[in-house]
Amino acid sequence: MFTAPSDPVNVRKELKVTQLCELCHSRKAIIRRPKNLQKICKLCFFHVFETEIHETIVSNDLFYRGERVAVGASGGKDSTVLAYVLKLLNERHDYGIEIVLLSIDEGIVGYRDDSLATVKRNQQQYQLPLEIFSYQDLYDWTMDDIVETAGIRNSCTYCGVLRRQALDRGAAKLEIKHVVTGHNADDMAETVLMNILRGDVARLEKSTSIMTSSTGSPIKRSKPFKYCYQKEIVLYAHYKKLDYFSTECTYAPEAFRGTARELMKNFEAIRPSCIIDIIASGESFVLKQKMGKQNKKKIITYNDGNRCERCGYLSSNKICKACMLLEGLEKSRAQIKIQVQVPGEPQQEGPAKVLRTLERLTF
Amino acid sequence: MVNVKVEFLGGLDAIFKKQRVHKLTLKKNNSDDEPVTVGDLIDYIVENMIEDKNDVEVFLQNGTVRAGILTLINDTDWELEGEKEYELEDGDIISFTSTLHGG
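Predicted, not measured: the structure shown is a model, and the values here were computed from it. (Residues numbered from 1 in each chain as written. Chains lettered and ligands numbered in written order. Predicted model: local features only at pLDDT ≥ 70, side-chain atom pairs only at ≥ 80, totals over all residues. Heavy atoms only, no water.)

**Focus on the overall build of chain B**
Consideration 1: For chain B, the helix and strand inventory stands at two helices and seven strands.
Consideration 2: Listing the helices and strands of chain B from first to last along the sequence gives β-β-α-α-β-β-β-β-β.
Consideration 3: Its C-alpha atoms give chain B a radius of gyration of 13 Å, within 12% of the compact-globule value 13 Å for 103 residues.
Consideration 4: Along the three orthogonal principal directions, the C-alpha set of chain B runs to about 45 × 30 × 25 Å.
Consideration 5: Taking all 103 residues of chain B together, the buried fraction comes to 52%.
Consideration 6: A separation of at least 24 residues holds for 56% of the contacts in chain B among residues at least 6 apart in sequence.
Consideration 7: Here chain B displays about 4800 Å² of accessible surface, and carbon together with sulfur accounts for 40% of that area.
Consideration 8: Distance from the positive charge centre (10 side chains) to the negative charge centre (22 side chains) of chain B: 8 Å. (Helix = DSSP H or I, 4+ residues; strand = E, 2+ residues; numbered from the N terminus. Rg over C-alpha atoms; globule rule 2.2 N^0.38 Å. Buried < 20%, exposed > 50% of the residue type's maximum accessible area, 1.4 Å probe, protein only. Contact = heavy atoms within 4.5 Å. Areas by Shrake-Rupley, 256 points an atom, 1.4 Å probe, with all protein chains shown as cover. Lys, Arg positive; Asp, Glu negative; His and termini not counted. Charge placed at Lys NZ, Arg CZ, Asp CG, Glu CD.)

**Structural notes on the interface of chain B and chain A**
Consideration 1: Taken together, the contacts link 32 residues of chain B with 35 residues of chain A.
Consideration 2: Inspection of the region where chain B meets chain A yields six salt bridges.
Consideration 3: With a shortest N-O distance of 3.0 Å, Arg66(B) and Glu262(A) are connected by a salt bridge.
Consideration 4: Joining chain B to chain A, the criterion identifies 17 residue pairs in polar contact (both at pLDDT 80 or more). (Salt bridge = Lys/Arg side-chain N within 4 Å of Asp/Glu carboxyl O. Polar contact = N/O pair within 3.5 Å; in protein donor to acceptor, adjacent residues only side chain to side chain.)

**Points about the environment of Leu235(A)**
Consideration 1: Here Leu235(A) is to be found in helix α9 (residues 230-239).
Consideration 2: C-alpha of Leu235(A) to C-alpha of Ser79(A): the two residues are 156 residues apart in sequence and 14 Å apart in space.
Consideration 3: Not counting residues within four places of it along the chain, the set of residues in contact with Leu235(A) comprises Ile31(A), Phe45(A), Leu70(B) and Leu72(B).

**Notes on the side chain of Ser273(A)**
All names here are of chain A.
Consideration 1: Summarising the element assignment, Ser-273 is placed in the loop between α10 (255-270) and α11 (274-284).
Consideration 2: At 2.9 Å, the side chain of Ser-273 forms a polar contact with the side chain of Asp-277.
Consideration 3: Ignoring sequence-local partners within four residues, the contact set of Ser-273 consists of Pro-34, Lys-35 and Tyr-229.

**Describing the packing of aromatic side chains**
All names here are of chain A.
Consideration 1: This model, assessed by the stated rule, comprises 17 aromatic pairs over all chains.
Consideration 2: Judged by centre distance (5.7 Å) and plane angle (45 degrees), the rings of Phe-45 and Phe-49 are tilted. Pair noted here: Phe-45 and Phe-49 are both in helix α1 (residues 42-59), with a separation of four residues, about one helical turn.
Consideration 3: Using a relative accessible area of 0% as the deciding quantity, one classes Phe-45 as buried.
Consideration 4: Residue Phe-49 is classed as buried on the basis of its relative accessible area, which comes to 2%.
Consideration 5: Taken together through their ring pairs, the aromatic side chains of Phe-45, Phe-46, Phe-49, Tyr-84, Tyr-126, Phe-225, Tyr-236 and Tyr-239 make up a single cluster. (Phe/Tyr/Trp six-rings, centres within 6.5 Å; stacked < 30°, edge-to-face > 60°.)

Written as structure tokens, this is what we have:
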């Protein structure tokens, strides 16, 4: 169930001039924008927040009339606000796009099941079609199984690769060629910072583009919230009383990203514009000529006829990354099950039991 | 003495027995007239409301509310209300919203 935040009952009758909104000069300012430190009121905040996203969409030609667009919906704050704002702007500015909510069920008990319930409520609230694809159906593995087998340390790596492909596959099944995600300015600045700290130059250039597509995939990705501060997204959801899910994933977030996030939050406290400044720096990076040429070559040689030999998913290699990870998992799943078996104890159900039976067979 | 409503949102309720809304009556130095500030409220929350003391740093950082938690006083960012210096009035609603989770 969703409980909206309470509305204030105490209203200031007397206002000083300095407390007024710097845009409309008539209502009480309620927030200070982190981007430019402007003090604005609630209505002006809604207006500038929505208008900035509209301008991002228009100036980058994100959509074309008649396009079908899938919103990668997790039930969290970013994707909930994204679905709400896109629907609103589509109606207000007549983009002529068709919006579908696309959710991935990673199979994390106590986390994803609850957040999917939120997405289902969003479907009702915003009257948008919803499609859910699960790791279980796509890969025959849930994240819970994966963590049990491969340990918690690499959970984000597996989950990330599998989700990326799951979103693509889901979109492909729906015959949609454009997936929008709720990645915000904080996420993007974090990624720029992480790529710099890791010296991951190849990713650095790509990490700030508003629209990307992975090699071999006909499905493009875009991030309309590229310039939106996390703080403003949360405030928008708060003031609009949007129903979103907010619990951290049961599996600890990637340690390196966590540290980068912490660092960014501390920077932001001292200098709020630093988030947008890091993105601007990231955008201005130009790789050395040599790297640039290699990259271009890669794009030209990309062959959309290449398919993974296992699953048939588009891939630049013989076997796609997801299948490679899954192959590794299958191997360790079998090993673990055998190790767990103690002689004399009752057989456990599952692949290990089949394996044991096979071992004992004699001809 | 002052009566206020405190809300822990954006998943922050996890460290407050999963209860989002709390009604509090606060007093300073057992006096009915001395004003109670948001700073006093934060001290009260840390001392009396966080169940597990290991969770204190989820809420507090360097003696103030952790960066990444939005503090609103009657829906206004506390930055515009004098932060910890703000003197609470009867009926005020103070909300703390965590932004530090996946989207």
